[in-house]
2 protein chains.
Amino acid sequence: MRVLGVDPGLTRCGLGVVEGGGGRAVHAVAVDVVRTPPGEAVAQRLAAVADAVEGWIAEHRPDVIAVERVFAQHNVRTVMGTAQVSGVVALVAGRAGLPVAFHTPSEVKAAVTGSGRAGKEQVTAMVTRVLSLGAAPRPADAADALALAVCHCWRAPMLARMAEAEVRAAEVAKHHRARLAAARRAR
Amino acid sequence: MRVLGVDPGLTRCGLGVVEGGGGRAVHAVAVDVVRTPPGEAVAQRLAAVADAVEGWIAEHRPDVIAVERVFAQHNVRTVMGTAQVSGVVALVAGRAGLPVAFHTPSEVKAAVTGSGRAGKEQVTAMVTRVLSLGAAPRPADAADALALAVCHCWRAPMLARMAEAEVRAAEVAKHHRARLAAARRAR
């Protein structure tokens, strides 16, 4: 499975492609950061990010896009730009026929370091180690994009099993309701 | 000037086209609400809104898109979806070569009712009146989209004058600095 991880942002948007097998082995295919000038109009900045993501989809042919799920916690102004970028990335992926998976920052940290409250440096260190990179990816947005992609490689089988279990549970419940209704009619 | 106002939202996205002259006269060209099912994937819902906005741009040929500026105040989950939609709308507009203007809810309310703290019903009542509509546009998202478009018609000349004044002020400052530097060299 090939995953394009996107750490959304208007000023810096991290992009990282990771290839994963069934197990824990993962390797990095590409990583970069797209920058757009703060002085430019938002529509132009969003278009620059959309162009870059479309270019990466065409070049690296990922099977899925993993995007950080944005929360409004800290700087509200920044968060809104980040959410706008995440929407644009999801749109571009959807139009390219690719599934989009959102992971929260704590899910990413927990998947990569074992702790949902790990710091940026720890995430970068673990990404460098699990992907056997010669040097730590910089800036942090690049490392975060790779961490998102690794997180998706490792969480995807579990998420797929959960989705399957939900479908099965819904079927069991449906059969159960049908049998109850039949029993009521027979009475 | 023909303005497409967009009240962004994933579940309901208001679209309203208003034609304005130089003065206060404005008239409604079209209004509707795009709905996307909450059960669907976010990427598909964003694509549905993007398709609708592209369709409206092609059909109604607006000169500018006015979008509500989103703030993280109330429901954080809803606000993130709203911000994602606003990003997608800005992207679609930018790619269609149209300028995008963001107006805050209070700017819209103040433009249309005279008070930045007016309620939804008051905004709907004023939109119905200034656009001489036979009935109040429903739901509120439809009225809000028209209010955004009206707000842009009325604020645009003032915003243009402010932008011009800024350019002039920057030029004056530049000349002033150049003369100061010349005077220093002459000393």
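Computed from a predicted model, the values in this text were never measured in an experiment.

Asks: Tell me what's going on with the packing of helix H3 (residues 105-113) of chain B against helix H5 (residues 140-186) of chain B, and back it up with residues and numbers.
Replies: Residues and elements named next belong to chain B. The interhelical angle for the contact between H3 and H5, taken along N-to-C directions, is 75 degrees, at an axis separation of 9 Å. Judged by the angle between their axes, H3 and H5 are roughly perpendicular. Between H3 and H5, the residues in contact are Glu 107, Val 108, Ala 111 and Val 112 and Ala 147, Leu 148, Val 150, Cys 151, Trp 154 and Arg 155, respectively.

Asks: Give a description of the relation of the copies chain A and chain B that names residues and reports values.
Replies: Least-squares fitting of chain A to chain B yields an RMSD of 0.0 Å, with the superposition described by an axial translation of 0.0 Å and a rotation of 180 degrees. What the rotation and shift describe, once combined, is the action of a two-fold rotation axis. Closest approach to the rotation axis among the C-alpha atoms of chain A is made by Gln 84 of chain A, whose C-alpha sits 2.2 Å away. Interface residue correspondence from chain A to chain B reaches 100%, placing this contact among same-surface, isologous pairings.

Asks: A description of the UniProt feature "active site" (unreviewed entry) in chain A should follow, citing residues and the corresponding values.
Replies: Residues and elements named next belong to chain A. Mapped onto the present numbering, the UniProt feature "active site" (unreviewed entry) falls at Asp 7, Glu 68 and Asp 141. With the annotated positions falling across 135 residues, the maximum pairwise C-alpha distance of 11.1 Å places them together in a single cluster. Following the sequence through the fold, Asp 7 ends up in strand E1 (residues 2-7). Leaving out residues up to four positions away in the same chain, Asp 7 has contacts with Arg 12, Cys 13, Gly 14, Glu 68, Asp 141, Asp 144, Ala 145 and Leu 148. One can find Glu 68 in strand E4 (residues 64-68). When residues no more than four places from it in sequence are discounted, the contact partners of Glu 68 are Val 6, Asp 7, Pro 8, Phe 102, His 103, Pro 105 and Leu 148.

Asks: Tell me about the packing of aromatic side chains, and name the residues and values.
Replies: Geometry of an aromatic ring pair is reported as the spacing of the ring centres plus the angle between the planes. Taken as a whole, this structure holds zero aromatic pairs over all chains when the rule is applied. Directly above the aromatic system of Trp 154 of chain A lies the positively charged group of Arg 24 of chain A, at a separation of 3.6 Å from the ring centroid.

Asks: Summarise the interface of chain A and chain B; cite the residues concerned and give the values.
Replies: Between chain A and chain B, the residue contacts involve 25 residues of the former and 25 residues of the latter. Of the roughly 1900 Å² buried between chain A and chain B on both sides combined, carbon and sulfur atoms contribute 68%. The residue Arg 95 of chain A makes a salt bridge to Asp 51 of chain B at a minimum N-O spacing of 2.8 Å. On the surface where chain A and chain B come into contact, there are six residue pairs in polar contact (both at pLDDT 80 or more). Sorting elements by how many residues they give to the side of chain A that touches chain B places helix H2 (residues 76-95) of chain A first, with twelve residues. Looking at side-chain class alone, the side of chain A that touches chain B contains 17 nonpolar, five polar and three charged residues.

Asks: Explain the sheet that holds strand E3 (residues 26-35) of chain B to me, and be specific about the residues and the numbers.
Replies: Residues and elements named next belong to chain B. The mixed open sheet is built from five strands, whose spatial order is E3-E2-E1-E4-E5. Strands at the two margins of the open sheet, each flanked by one partner only, are E3 and strand E5 (100-103). Strand-to-strand twist of the sheet, defined as the mean angle between neighbouring strand axes without regard to direction, takes the value 20 degrees. Looking at chain direction, strand E1 (residues 2-7) and strand E4 (residues 64-68) are connected through four bridges and run parallel. Its bridge partner lying in E4, Leu 4 is registered against Ile 65. Along the sheet, helix H1 (residues 42-60) contacts E1, strand E2 (12-20), E3 and E4; its crossing angle with E2, the most-contacted strand, is approximately 15 degrees.

Asks: Give me the pairing of E2 of chain B: which residues, what numbers.
Replies: Residues and elements named next belong to chain B. Burial analysis of E2 places seven of its nine residues in the buried class, the great majority of the element. Adjacent in sequence and paired antiparallel, E1 and E2 are bridged by four residues. Examined bridge by bridge, E2 and E3 share nine bridges and lie antiparallel to one another. The partner of Gly 16 across the bridge, within E3, is Val 31. Once E2 ends, the chain turns through five residues before running back antiparallel as E3.

What counts and what doesn't
- Residues numbered from 1 in each chain as written.
- Chains lettered and ligands numbered in written order.
- Predicted model: local features only at pLDDT ≥ 70, side-chain atom pairs only at ≥ 80, totals over all residues.
- Heavy atoms only, no water.
- Axes fitted to C-alpha atoms, helices over the stretch in contact; angles between N-to-C directions.
- Helix = DSSP H or I, 4+ residues; strand = E, 2+ residues; numbered from the N terminus.
- Parallel < 35°, antiparallel > 145°, perpendicular 65-115°, else oblique.
- Contact = heavy atoms within 4.5 Å.
- Least-squares fit on C-alpha atoms with pLDDT ≥ 70 in both.
- UniProt positions renumbered as here; feature names shortened; annotations may be inferred.
- Phe/Tyr/Trp six-rings, centres within 6.5 Å; stacked < 30°, edge-to-face > 60°.
- Lys NZ or Arg CZ within 6 Å of the ring centre and 35° of its normal.
- Buried area = accessible area lost by both parts, 1.4 Å probe.
- Salt bridge = Lys/Arg side-chain N within 4 Å of Asp/Glu carboxyl O.
- Polar contact = N/O pair within 3.5 Å; in protein donor to acceptor, adjacent residues only side chain to side chain.
- Nonpolar A, V, L, I, M, F, W, Y, C, P; charged D, E, K, R; others polar.
- Pairing = 2+ DSSP bridges.
- Buried < 20%, exposed > 50% of the residue type's maximum accessible area, 1.4 Å probe, protein only.

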